[in-house]
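# Breakdown of the fold
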Amino acid sequence: MSASDDPRRVHFQSPEYLVDRLDAIAELFDKDRTDLLVEAIREYIEDTADSETFQELVATKYYDDQLEFETVKQLVGAETAQRLRLLKADLEDEPLNLAAPDDVDIYDGDATVVEPAGDDER
């Protein structure tokens, strides 16, 4: 068992009817109340972490420097966090200031010019 798996006592208050229902379910399955709570919390966290809305929120806050990388890893996992880190680095890089090539006609004379629509035509 790693240090992160060591149990930690958590105290919270819950409506009595929820505790009664939880105890009834625990008794039905011959399980401990704590085991059911831990399982429910684990499932909730996994479902939340997999949610597109949640991942977008984490990414936005990370890109805005409201979340540290280690926190992002805890929230969405190491692989997704690393992907966000790479994307953030790309976003923070200065854009390449490359001039368009003027010595080569890449369209071979067949270029089509498109006029952008005015704001009122969108």
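Nothing here was measured: the structure is a model prediction, and the numbers come from that model.

### Side note on the nonpolar core
By size, the foremost hydrophobic cluster in this structure holds 11 residues: Ala49, Phe54, Val58, Ala59, Tyr62, Leu67, Phe69, Val72, Val76, Ala81 and Leu84. Among the secondary structure elements, those contributing two or more residues to this core are helix H3 (52–63), helix H4 (69–76) and helix H5 (78–92). If one sorts the elements of this core by residue count, H3 sits on top with four residues. What Leu84 contacts, discounting residues up to four positions off in sequence, is Val58, Ala59, Tyr62, Tyr63, Val72 and Val76.

### So, the packing of aromatic side chains
All chains considered together, the criterion is met by two aromatic pairs. Geometrically, the ring pair formed by Tyr62 and Tyr63 is tilted, given 6.2 Å between the ring centres and 45 degrees between the ring planes. Owing to a relative accessible area of 7%, Tyr62 belongs among the buried residues under this scheme. What makes Tyr63 partly exposed here is its relative accessible area of 26%. With 6.4 Å between their ring centres and 50 degrees between their planes, Tyr62 and Phe69 make a pair best called tilted.

### Some words on the side chain of Lys88
Positionally, Lys88 belongs in helix H5. For Lys88, a relative accessible area of 10% translates into the label buried. Ignoring anything within four residues of it in the chain, the contact list for Lys88 reads Tyr62, Tyr63 and Asp65.

### Regarding the environment of Ser51
Looking at where Ser51 falls in the secondary structure, it is placed in the loop between helix H2 (33–50) and H3. Considered as a pair, Ser51 and Val76 are 25 residues apart in the sequence and their alpha carbons are 9.7 Å apart. Looking at Ser51, its side chain comes within polar contact range of the main-chain nitrogen of Phe54, at 3.1 Å.

### Quick notes on the packing of H3 against H5
Axes are the key here: two packed helices are described by the angle between their axes and the distance separating the axes. Interaxial distance between H3 and H5 falls to 10 Å at its minimum, and their mutual angle equals 45 degrees. Between H3 and H5, the angle falls in the class oblique. Relative to H5, the crossing made by H3 is right-handed. In contact with Gln55, Val58, Ala59, Tyr62 and Tyr63 of H3, H5 contributes Thr80, Leu84, Arg85, Leu87, Lys88 and Leu91. A breakdown of the residues in the contact of H3 with H5 according to their chemical character gives seven nonpolar, two polar and two charged.

Definitions and cut-offs
Residues numbered from 1 in each chain as written. Predicted model: local features only at pLDDT ≥ 70, side-chain atom pairs only at ≥ 80, totals over all residues. Heavy atoms only, no water. Core = buried A, V, L, I, M, F, W, Y, C linked by side-chain atoms within 4.5 Å. Buried < 20%, exposed > 50% of the residue type's maximum accessible area, 1.4 Å probe, protein only. Helix = DSSP H or I, 4+ residues; strand = E, 2+ residues; numbered from the N terminus. Contact = heavy atoms within 4.5 Å. Phe/Tyr/Trp six-rings, centres within 6.5 Å; stacked < 30°, edge-to-face > 60°. Polar contact = N/O pair within 3.5 Å; in protein donor to acceptor, adjacent residues only side chain to side chain. Axes fitted to C-alpha atoms, helices over the stretch in contact; angles between N-to-C directions. Parallel < 35°, antiparallel > 145°, perpendicular 65-115°, else oblique. Left-handed = near helix turned anticlockwise from the far one by under 90°. Nonpolar A, V, L, I, M, F, W, Y, C, P; charged D, E, K, R; others polar.

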